[in-house]
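# Coordinate analysis (summary)
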Amino acid sequence: MIRSFLPLLAGTLIALPPAIAGTRGGDLPGPVRAALVELQQSLQLTPPQQLQFARAMAATQDVLPQLRANHKAMLDATTNELEKAVPDLAALAVLRDDTVLADLALRQAARAEWLALYALLTPEQVALLREELKRRVEQMDTLRAVLPGIAVGLI
């Protein structure tokens, strides 16, 4: 069960929509970077763990520009196709599938680095990480419960 949380965290971080990640190049959005730095400090990583943490951060940052480029290319192609009198929705579906697969490969590469870090953690660090991830999952659940009410209020 615990091993499923780190991929959740890494996946959540990597899956941030490009629209909310209004940053330069491969920079992580400020709140994400701050949360990772806070987690890094609370785990009190050893030097080998610090090195792997840096690798995982770098891998995450390295995939962001390509994820953004893939997203933009898909949006541009969709916009162009929808400008046609008779858009080819099958072509858009194929483009979407291809983009999802390309993004998945990028995310998996970055996730592998986070899982390598996880493999280096002590049982105490795993317990601390587990509690932090549980807290974040609860926050997401709370947000999911509140968002529909907010959306209705906006309409």
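Notes on the structure follow.

Calculation notes
- Residues numbered from 1 in each chain as written.
- Predicted model: local features only at pLDDT ≥ 70, side-chain atom pairs only at ≥ 80, totals over all residues.
- Heavy atoms only, no water.
- Helix = DSSP H or I, 4+ residues; strand = E, 2+ residues; numbered from the N terminus.
- Axes fitted to C-alpha atoms, helices over the stretch in contact; angles between N-to-C directions.
- Parallel < 35°, antiparallel > 145°, perpendicular 65-115°, else oblique.
- Left-handed = near helix turned anticlockwise from the far one by under 90°.
- Contact = heavy atoms within 4.5 Å.
- Core = buried A, V, L, I, M, F, W, Y, C linked by side-chain atoms within 4.5 Å.
- Buried < 20%, exposed > 50% of the residue type's maximum accessible area, 1.4 Å probe, protein only.
- Expected span 1.5 Å × (residues − 1).
- Arc of directions from axis to C-beta.
- Bend = angle between axes of the 7 residues up to and from the residue.

### Looking at the environment of Leu-51
Tracing the sequence through the fold places Leu-51 in helix H3 (residues 47-82). In sequence terms Leu-51 and Leu-117 are 66 residues apart; their C-alpha atoms lie 8.9 Å from each other.

### Looking at the packing of helix H2 (residues 30-43) against H3
How two helices sit against one another is set out by the angle between their axes and by the gap between those axes. Closest axis-to-axis distance for the H2/H3 pair is 12 Å, and the angle between their directions is 165 degrees. One finds that H2 runs roughly antiparallel with respect to H3. The interaxial crossing formed by H2 with H3 has right-handed handedness. Residues Arg-33, Leu-36 and Gln-40 of H2 form the contact with H3, whose participating residues are Gln-50, Phe-53, Met-57 and Gln-61.

### What about the nonpolar core?
Counting residues in hydrophobic clusters, the biggest one holds 21 residues, and the most contacted among them are Leu-28, Leu-36, Phe-53, Met-57, Trp-114, Leu-121 and Leu-129. Per element, the largest residue contribution to this core is seven residues, and it comes from H3.

### A short note on unusual backbone geometry
If you check the backbone angles, Gln-44 has positive phi at about 50 degrees while not being a glycine. Within the element layout of this structure, Gln-44 appears in the loop between H2 and H3.

### Observations concerning H2
Compared with an ideal rise of 1.5 Å per residue, which puts 14 residues at 20 Å, H2 spans 20 Å between its outermost C-alpha atoms and is within 8% of the ideal. When H2 is considered as a whole, its buried residues turn out to be Val-32, Ala-35, Leu-36, Leu-39, Gln-40 and Leu-43. Projected down its long axis, H2 shows its buried positions confined to an angular sector of 135 degrees, all on one face. Along H2, the residues that are exposed and aim more than 90 degrees away from the buried face are Pro-31 and Gln-41. Trailing H2 by a residue or two, Gln-44 shows a phi angle of about 50 degrees, which is positive.

### Overview of the packing of H3 against helix H4 (residues 89-120)
For the pair H3 and H4, interaxial distance at closest approach is 8 Å and the crossing angle is 175 degrees. Taken together, the axis directions place H3 and H4 in an arrangement best described as roughly antiparallel.

### So, H3
Over its 36 residues, H3 runs 52 Å from end to end, which matches the ideal 52 Å to within 8%, given 1.5 Å per residue. Largest kink in H3: about 25 degrees, centred on Leu-64, with the proline Pro-65 one to four residues after it.

Scope: geometric values only; no functional claims are made or implied.
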